[in-house]
Amino acid sequence: MSTVTTPKTQSKSGSTFTAKAASYLDERTSIGVAVKEFGRKVFPDHWSFLLGEVALYSFIVILISGTFLTLFFQASMVETHYDGPYVPMKGIEMSAAMASTLDISFSVRGGLLMRQVHHWAALLFVASIGLHMLRIFFTGAFRKPRELNWVIGFVLFILAMAEGFTGYSLPDDVLSGNGLRIIDGLIKAIPVIGTYLSFFFFGGEFPGTDIVGRLYMLHIMLLPALVILFVALHLAFVVIHKHTQYPGPGKTQQNVVGYPVLPVYAAKAGGFFFIVFGVIMLIATFVQINPIWNYGPYDPSPVSAGTQPDWYIGFADGMLRLIPPGWETEWFGYTWSWNMLVPIIIMGGFLVLVAIYPFIEAWVTGDKREHHILDRPRNAPTRTAIGAAGVTFYAVMWAGASSDLIATHFQLAMEGVIHTLQALLILGPIVAYFVTKRICLGLQKKDRSIALHGYESGRIVRLQGGEFIEVHKPVSEYERWTLVSYHDYAPLMLRPNDDGKIPFSRRLRAGFSRWFFENRVVPPTQGEIEQGGHDSH
Amino acid sequence: MADEATSNSKAVANAHSHGEAGASAGTAVIASDAVQNPGLPPHRKRVTDLNPKRAKRAERTVYTLFYISVAGSLGSMLAYMFFPIESGELWQIRLSTLFIGLGMALALLAIGVGAVHWGKALMADHESIDVRHPVASDEETREASSEIFKIADEESGFTRRTLVRNSLLGALIAFPIPGITLLRGLAPQDQDPVTLLKHTLWDKGVRLARDHGGAAVGAPIRAAEVTIGSVFHVVPENLANAEDVLNEKAKAIVLLMRLDPSDLKVSEERKDWSYDGIVAYSKVCTHVGCPVALNEQHTHHLLCPCHQSQFDVSDEAKVVFGPAKRPLPQLPITVDDEGYLVAQSDFHEPVGPSFWERLK
C-alpha cells in the first residue's frame, strides 16, 4: 500500500513539515491504511450514545488521577504514628497506608483534590457504565451481531465494581476496614472452603497485615490491565460492527447516517472528554468525599451509625439487610449460613440473567438477522417491562443499604422500613413489569393511531349535523416512518415436527414466545395508512 | 427454524431489509405492503451556514474559550503557589483545593465546550452515510480459513495422532497445578484458621480493660465502676502485649453492661457467668462481623449499624431482629480479689461470623 501512495505524497506536498512527518511515519508503519479506513468513518448522533463515552472518559480520568496518587501512597500496613500537620490525628497509631493517605490529603498540595477527583471519577465510572447498559438493554442494541460485546461490557461492569471496592479498601480507615470485615464474613459463609479462602485472602486472621498490599496489586495492576484489555475489545467490536442508530427516515439496516470521525467527531468526542473531566474536577473541587480524617485509622472496635458503602456496592449491602432473621442451619455438623448464601445466590443469579439476556431473547425470537436499527423501548414491550422489573429489583436492594438512614430521616421504625422493603423486593418488580408493559402497549397504540389518522390538532369543529369533532392533522412521511418502522413478532405456533411430535424444547420456546409476543400492536401497513388517510376527520 | 416461516402465515422472505440474504427472521412478521423508508429528509442549514456574521461570532466564541482555558491553567498554577497548606489548618487546605480545582475545571471545561462548539457550529454539517456490510466474512474467506485448518490438521496429524494430542491436553491441564499449589503460601503454613477462630485472648483471670476514654484506655475496670445502665467497651488487659494486636482485638472486643438483675433472664447453665447484673458479650456481630456498637438503653437492645441485627442483652443477647441468627457469645466473668472484673475463661464458642467448621 505504502509503495503506491508514497510517490504521490512526495510529489504533491513533500515540502511541508507535516507532509514529511506523515510520509516518514507511513513508510514505516503503513498508517495511511488506518487513516483511510477510519478517518471518515461515520458515527450517528444521539445523546444516549454519550453514556458509554462518559464511562470511557471517566476511566481515563481515573487512570490519570490514580497514577498521581500512586506517587505518594504507601500500600503497607506497617504500624506508624502520624506526624503530619493535621493536629487531631497527630501521634495516633495507624498503618502506613492510612498515614500516607493523610499525607496526600494534608501535606501534598493538590493531593486532596486529586483524591477527590479519583473517587468522584470512580463513582461516575460505575454509574455511567450502568446507565450505558440500561440504554443498550432498552434499545435492544445487544441483538445480533452484538451479543458478545454485551457480555464484554458486562464483564467491564463487574471489573469496575471490583476496582471500586479494592480502591475503597486501600486507605485502611475505619470505613474501609469495616467493608473488608463484611467481605470476610461473606467469604467465611461459603460452604467447605470459606474459612480457608478468608485465611488465604487476608494472609492469616482478619485483618492481618497483608490485605492492603494485596488489594493494591489488584487495584493498580491486575484489574486495570483487565479493564484496558476489555475496553480495547469493546471498542474494537464497535468499529467492526459499526455503531447502531435510532430508527428514522433514511436510516436502514445497511447504512450508518451521521458525521465523520475527522473532523466532526474528533472535535465533539475530544471536546466531550474535556467536558467530562471538567465536570468531575468541578465536583471534586466543591464536594468533599471520603474524609478519612474524620473516621480515623482502622480499629475493629468502633463504628459509627449511618455508614454507607459507595453507591455501587449498595445493592449487595442492602440484600444482606433484607434477609429475615434466623436463616442459618446446622446440618451434618457444619454451618450453612443461608443469611449470606441466599443473597449471594440471588445477586449472582440476577447478574447471570443480565449477562445472558441477549441469548435468551435471540432464542425466543429465533431471529438470526443482524440488527443495526435500535428499538424504541415501547416497541419491545415485554423486554422493556422485564428491564423495568430488573431496575426495580435492583433499586429495592439498593434502598435496603440505606434502610437505617431512611428510618432516621423520615422518623420511621427501622423494622417497618425493612419489612416494607422485603415486600417491595418481591411485589415491586411484578407491579413494575405490568405497569411498564401496559404503558408500552398504550404508547404503541398511540403511535399507530397517529400514523394512521394524524395527531390531534386541538382544533374543534362543529359539523352541520351538530356533531363536534377534533381535526386531526396528518404527520409527515418522515415522522410516520419513525413511528411505523419496527419489528413485529408473532407468538410461535406449536406444530408437530416431521415425526409428528412436539419436543419439550419447542414447547418451552413457544411458552416464552407467547409470554413475549402475545400482546402486540402490529405496525400499520402502507395500505392501512392510505385507507386511514381517507377516513381521517 | 424452517417451519417458522410457515407457522406465521404473513411472514415472507426477508432479504431486502437486512444484510444477510437468507438469515432466518424467526417469528418476525414482515408485512408484504410494509411502509417504505422515505429516505433522508432534506438538509436544513444551520444559522452559521446562512449568516456569515453568526459564523464569525461562533469563531470568536471558540477562540475566546480556548484563551480562557489557558487562563484557567495558569490560574491553577498560581493557586498552587499562593495558597500554602503546610499549617495543616483545614480552611487553608480547602482554599488551596478550591482554587487549584477551579482553575483546572475552567481550563478543562473551556477546551471541551470550545471544541464541541467548533464541531457543531463551524465544521461542515452535511450528514454522511457509510454502507454496512454483513459482519460475517464472505463465503470465499470462510472456505479459505477452514481449508487452512484442514491443512494444518493434516500436516500435524492433530486428529490422527490421538495419543500425542490427548497426552498434550493432559500435560496442559496439569501444568498450572504447581502454580496453584504455590498460593498456599498466601497464609502461614503452620497455622490452621479453624483453631485460630476458636480462641481469643480471654482466659481465666484476664482482667477486663477499657477500650475508650482517652488516657484511661487499657485501664482495668472495677465492678463498682459499672453503674446500672452504663456501657463499657472492653478489651483484655493483656491485649497490648499480643503479637498481632489488631487480629486479637478483632476477636476479643466485648461490651460490658450492668442491668437491674431482675431484668436479666438467665438460663441455668449461665447463672454464674454474670456478676451482680454485670454481663459481658462479644461485640462482634454473629452476622458478618461488624462491631455491634449501638446500645438502646431502655430496651436493652444492641444494634449492629452495618445490617441492623438487634440483640437483646436482657435475654442472653438473643437475636430480636435482622439477618443474624446466633446470639452474641457471652463472656463468663467474675471479680478478682482486688475488685476488678476478670474473665472466668475464654468464650465457650467461636465469636464473630459463622463459618463452615464452627461446630467442629
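Each chain carries its own residue numbering, running from 1 in the written order of its sequence. A letter from A marks each chain and a number from 1 marks each ligand, given out in the order of writing. Under the rules for a predicted model, residues below a pLDDT of 70 receive no local features and side-chain atom pairs below 80 are neither given nor counted, while totals for whole chains, interfaces and linings still include all residues. With hydrogens and water stripped out, all remaining heavy atoms of the structure feed into the side-chain values.

> Could you give an account of the overall build of chain B, with specific residues and numbers?
Looking only at helices and strands, chain B features nine helices and twelve strands. Taken over the C-alpha trace, chain B has a radius of gyration of 38 Å; the compact-globule value for 360 residues is 21 Å, which it surpasses by more than 25%. Out of the 360 residues belonging to chain B, those deemed buried represent 43%. The contact rule is simple, with two residues in contact once any of their heavy atoms fall within 4.5 Å. A separation threshold of at least 6 residues defines the contact pool for chain B, and within that pool the share at least 24 residues apart is 57%. Only the protein chains shown count as cover for residues, with accessible areas throughout obtained via the Shrake-Rupley method and a probe of 1.4 Å. Accessible area for chain B stands at about 19200 Å²; split by element, carbon and sulfur atoms hold 60% of it. For chain B, the distance from the average site of its 35 positive side-chain charges to the average site of its 44 negative ones is 7 Å. Comment: elements are numbered from the N terminus, with helices defined as DSSP H or I runs of at least four residues and strands as E runs of at least two. Each radius of gyration is computed over the set of C-alpha atoms, and the globule rule expresses the reference value as 2.2 Å times the number of residues to the power 0.38. The cut-offs for exposure are 20% and 50% of the maximum accessible area for each residue type, with area from a 1.4 Å probe on protein chains only; residues under the lower value are buried, those over the upper are exposed, and the others partly exposed. Think of it this way: Lys and Arg go in the positive column, Asp and Glu in the negative one, and His and the chain ends go nowhere. All charge positions are set by atom: Lys at NZ, Arg at CZ, Asp at CG, Glu at CD.

> Describe the interface of chain A and chain B, naming the residues involved and giving the relevant values.
Across the contact, 140 residues belong to chain A and 121 residues belong to chain B. The largest per-residue losses of area from chain A upon contact with chain B belong to Arg 109, Glu 205 and Arg 369 of chain A, which jointly make up 8% of the total buried on that side. Here a salt bridge means any side-chain nitrogen of Lys or Arg lying within 4 Å of a carboxyl oxygen belonging to Asp or Glu. Where chain A touches chain B, the interface holds five salt bridges. The salt bridge partner of Asp 299 of chain A is Lys 249 of chain B, with a shortest N-O separation of 2.8 Å. Summed over both partners, the accessible area lost on bringing two parts together, with a 1.4 Å probe, is the buried area.

> So what's going on with unusual backbone geometry? Which residues, and what values?
Residues and elements named next belong to chain A. Here the amide bond leading from Phe 206 into Pro 207 is cis, since omega sits at -5°, within 30 degrees of zero. Counting through the fold element by element, Pro 207 comes out in the loop between helix H9 (194–201) and helix H10 (211–241). The linkage connecting Leu 262 with the following residue, Pro 263, adopts the cis geometry, with an omega of 5°. Structurally, Pro 263 is set in helix H11 (residues 261–286).

> Tell me about the packing of helix H6 (residues 111–138) of chain A against helix H7 (residues 147–169) of chain A, residues and numbers included.
Residue and element names in this part refer to chain A. For the pair H6 and H7, interaxial distance at closest approach is 10 Å and the crossing angle is 160°. When the axes of H6 and H7 are compared, the pair comes out roughly antiparallel. For H6 against H7, the interelement crossing comes out left-handed. Facing His 119, Phe 125, Val 126, Ile 129, Gly 130, Met 133, Ile 136 and Phe 137 of H6, the residues of H7 in contact are Trp 150, Phe 154, Leu 156, Phe 157, Ala 160, Met 161 and Tyr 168. A per-class count over the contact of H6 with H7 returns 13 nonpolar, two polar and no charged. A fitted line through C-alpha atoms represents every axis, and for helices the fit uses only the stretch in contact; the resulting angles, taken between N-to-C directions, go from 0 to 180 degrees. Roughly parallel refers to an angle under 35 degrees, roughly antiparallel to one over 145, roughly perpendicular to one between 65 and 115, and oblique to any angle outside these ranges. Each helix crossing is assigned a hand: it is left-handed if the near helix lies turned anticlockwise from the far helix by less than a right angle, otherwise right-handed if that turn is clockwise. Gly counts as polar in this scheme, as do all residues outside two lists: the nonpolar Ala, Val, Leu, Ile, Met, Phe, Trp, Tyr, Cys and Pro, and the charged Asp, Glu, Lys and Arg.

> How would you summarise the state of the cysteines if you had to cite specific residues and measurements?
Residues and elements named next belong to chain B. Throughout, disulfides are identified as pairs of cysteine sulfur atoms within 2.5 Å of each other. This model, assessed by the stated rule, comprises one disulfide over all chains. Lacking any disulfide linkage, Cys 285 is separated from the closest cysteine sulfur, that of Cys 304, by 4.0 Å. Here Cys 285 falls in the buried class, since its relative accessible area comes to 1%.

> Lay out the side chain of Asp 447 of chain A in plain terms, naming residues and giving numbers.
Residue and element names in this part refer to chain A. You can see Asp 447 is positioned in helix H17 (residues 414–453). By relative accessible area, Asp 447 is classed as buried at 3%. Among the polar contacts listed, one links the side chain of Asp 447 to the side chain of Arg 378, at a separation of 2.9 Å. Here Asp 447 is in contact with Arg 376, Arg 378 and Leu 483, once residues within four sequence places are set aside. Polar contact criterion, stated in full: a pair of N or O atoms within 3.5 Å, where within protein one must be able to donate a hydrogen and the other to accept it, and residues adjacent in sequence count only if both atoms are side-chain atoms.

> Could you give an account of helix H9 (residues 245–252) of chain B, naming the residues involved and the relevant values?
Extensive coverage of H9 of chain B is indicated by the burial of six of its eight residues. Taken as a whole, H9 of chain B has its buried residues at Asn 247, Glu 248, Lys 249, Ala 250, Lys 251 and Ala 252 of chain B. The inward-facing, buried residues of H9 of chain B contact helix H8 (174–188) of chain A together with helix H8 (193–197), strand S4 (231–236) and strand S5 (254–258) of chain B.

> Provide a residue-level description of the nonpolar core, including the pertinent values.
Counting 94 residues, the largest nonpolar core has Val 117, Phe 125 and Met 281 of chain A as the members making the most contacts within it. Tallying contributions element by element places H6 of chain A first for this core, with 13 residues. Mapping this core onto the domain boundaries places at least three of its residues in each of domain 1 (47–121) and domain 2 (194–343) of chain B. Setting aside residues no more than four positions away along its own chain, Phe 125 of chain A makes contact with Ala 55, Ser 58, Phe 59, Ile 62, Ala 160 and Val 227 of chain A. Only buried Ala, Val, Leu, Ile, Met, Phe, Trp, Tyr and Cys residues count toward a nonpolar core, and they belong to the same one when joined by side-chain atoms within 4.5 Å. For each domain, the first and last residues come from an automatic or database assignment.

> Just give me the short version of the side chain of Glu 248 of chain B, but keep the residues and values in it.
Here Glu 248 of chain B is to be found in helix H9. Those residues in contact with Glu 248 of chain B that lie beyond four places of it in its chain are Glu 205 of chain A together with Thr 200, Leu 201, Leu 239 and Ala 242 of chain B.

> Go over the domain arrangement of chain B, please, and point to the residues and values.
Segmenting chain B into domains produces domain 1 (47–121) and domain 2 (194–343). A C-alpha centroid distance of 57 Å is found between domain 1 of chain B and domain 2 of chain B.

> Can you lay out the sheet that holds strand S7 (residues 294–296) of chain B for me, pointing to particular residues and giving the numbers?
Residues and elements named next belong to chain B. On the basis of which strands lie adjacent, the open sheet formed by four strands has the order S7-S8-S9-S10 and antiparallel pairing. Where the open sheet ends on each side, the last strands, each with one partner, are S7 and strand S10 (318–321). Going across the sheet, the axis of each strand differs from the next one's by a mean of 35°, ignoring polarity. With three bridges connecting them, S7 and strand S8 (residues 301–303) associate as antiparallel partners. For Leu 294, the partnering residue across the bridge sits in S8 and is Leu 303. Two strands are counted as paired when DSSP detects at least two bridges linking them.

> Help me get a handle on the environment of Ala 380 of chain A, residues and values and all.
All names here are of chain A. With respect to the helices, strands and loops of the structure, Ala 380 is situated in the loop between helix H14 (338–365) and helix H15 (381–400). Exposure remark for Ala 380: the relative accessible area of 11% places this residue in the buried category. Sequence separation of Ala 380 and Ser 457 is 77 residues, and the distance between their C-alpha atoms is 28 Å.

> Describe the packing of aromatic side chains, and please don't skip the residues or the numbers.
Residues and elements named next belong to chain A. Stacked, tilted and edge-to-face are the three classes assigned to paired rings of Phe, Tyr and Trp, where Trp is represented by its six-membered ring and a pair needs centres within 6.5 Å; plane angles under 30 degrees give stacked, over 60 edge-to-face, the rest tilted. Evaluation of the coordinates by the stated rule reveals 41 aromatic pairs over all chains. Note on Trp 336 and Trp 338: the rings are 5.9 Å apart at their centroids and 15° apart in plane angle, and the pair reads as stacked. You can call Trp 336 buried: its relative accessible area is 19%. Since its relative accessible area comes to 24%, Trp 338 is described here as partly exposed. Feature note: the residues Trp 363, Tyr 433, Phe 434, Tyr 489, Phe 512, Trp 515, Phe 516 and Phe 517 constitute an aromatic cluster, connected by ring pairs. The residue whose ring lies beneath Lys 268 is Tyr 259, and the NZ or CZ to ring-centre distance is 5.2 Å. In our convention, an over-ring charge means Lys NZ or Arg CZ found within 6 Å of a ring centre and within 35 degrees of that ring's normal.

> Please provide a residue-by-residue account of the pattern of salt bridges, values included.
Residues and elements named next belong to chain A. Enumeration according to the criterion identifies 33 salt bridges over all chains in this entry. A salt bridge links Glu 27 to Arg 28, with the shortest nitrogen-to-oxygen separation between them at 3.9 Å. The exposure class assigned to Glu 27 is partly exposed, which follows from its relative accessible area of 38%. On the basis of relative accessibility, which here comes to 52%, the residue Arg 28 falls in the exposed class. Salt-bridge contacts for Asp 447 lead to Arg 376; the nearest nitrogen and oxygen are separated by 3.0 Å. Placement of Asp 447 in helix H17 and of Arg 376 in the loop between H14 and H15 is noted, with a sequence separation of 71 residues between them. An identical accessibility class is assigned to Asp 447 and Arg 376; each is buried.

> So what's going on with the environment of Cys 440 of chain A? Which residues, and what values?
Residue and element names in this part refer to chain A. Among the structural elements, Cys 440 can be located in helix H17. The spatial distance from the C-alpha of Cys 440 to the C-alpha of Gly 296 is 51 Å, given a sequence separation of 144 residues. In this structure Cys 440 touches Pro 377, Arg 378, Pro 381 and Thr 384, once residues within four positions along its chain are discounted.

> So, the pairing of strand S2 (residues 128–131) of chain B: which residues are in play, and what are the values?
Here S2 of chain B shows one buried face, formed by Ser 128 and Asp 130 of chain B, and one open face, formed by Ile 129 and Val 131 of chain B. Taken together, the four bridges between strand S4 (residues 255–260) of chain A and S2 of chain B define a ladder with antiparallel strand orientation. Bridging across to S2 of chain B, Asn 255 of chain A finds its partner in Val 131 of chain B.

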